[in-house]
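Residues per chain, in single letters:
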Amino acid sequence: MYGHGVGANAILNTSSLGKLKNVQLIISEGAYDNGYTYLSKRCQRDTKINASICGPVIRQVIKKEIDIDIRKLDTKNFVKKNTIPTIYIHSKDDKEVLFKSVFSLYNNDASHNMLFPLKEDHFYELEGKDDDYSLSINEFIKEILEK
């Protein structure tokens, strides 16, 4: 399964809950480590209102609407239970999620995993490249699928 941004987080969280069946590999691109922090900073960036104000407001609205505490949407804790091999891809120039977020996911993930930092903006920009670094992701996938 491949997910980007919030989609990557949905896949990682779902996997960690044991809800994914027949999935051999996860490719996570641009995932954030903590939902509350991500939404607070995103709100600040979009509205210019301080994250310390945005966060509690967003938390209250989500709690009231769907009865979920977004402080518990902490993907770095979820991945501690992930058993599906995972490739973490993240661009150093990601404008949505800070690059450093990928390290807490990668370091806490219980699965066989790979960290794949990008100089490019997106994973698809590697298409057609045949240098050793770009091809290392193919080697990892092949290793997983052969098991």
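As a reminder, the structure under discussion sits directly above these lines.
Residues numbered from 1 in each chain as written. Predicted model: local features only at pLDDT ≥ 70, side-chain atom pairs only at ≥ 80, totals over all residues. Heavy atoms only, no water.

Some points on the nonpolar core
By size, the foremost hydrophobic cluster in this structure holds 13 residues, and its most contacted members are L12, L20, V23, I26, A31, I84 and Y88. Among the elements that take part in this core, helix α1 (residues 6-16) stands out by supplying three residues, more than any other. Non-local contacts of I84, meaning those with residues more than four positions away in its chain, are made with S15, L20, V23, Q24, L25, I26 and S111. Counting 11 residues, the second-largest nonpolar core is a separate cluster that includes I27, I89, M114 and F140. (Core = buried A, V, L, I, M, F, W, Y, C linked by side-chain atoms within 4.5 Å. Buried < 20%, exposed > 50% of the residue type's maximum accessible area, 1.4 Å probe, protein only. Helix = DSSP H or I, 4+ residues; strand = E, 2+ residues; numbered from the N terminus. Contact = heavy atoms within 4.5 Å.)

Concerning unusual backbone geometry
Positive phi, close to 60°, is recorded for N22, a residue that is not glycine. Take N22: it is sitting in the loop between α1 and β2 (26-29). Unusually for a residue other than glycine, D67 sits at a positive phi of about 55°. For D67, the location among the structural elements is in the loop between α3 (51-66) and α4 (75-78). Residue D67 is classed as exposed on the basis of its relative accessible area of 56%.

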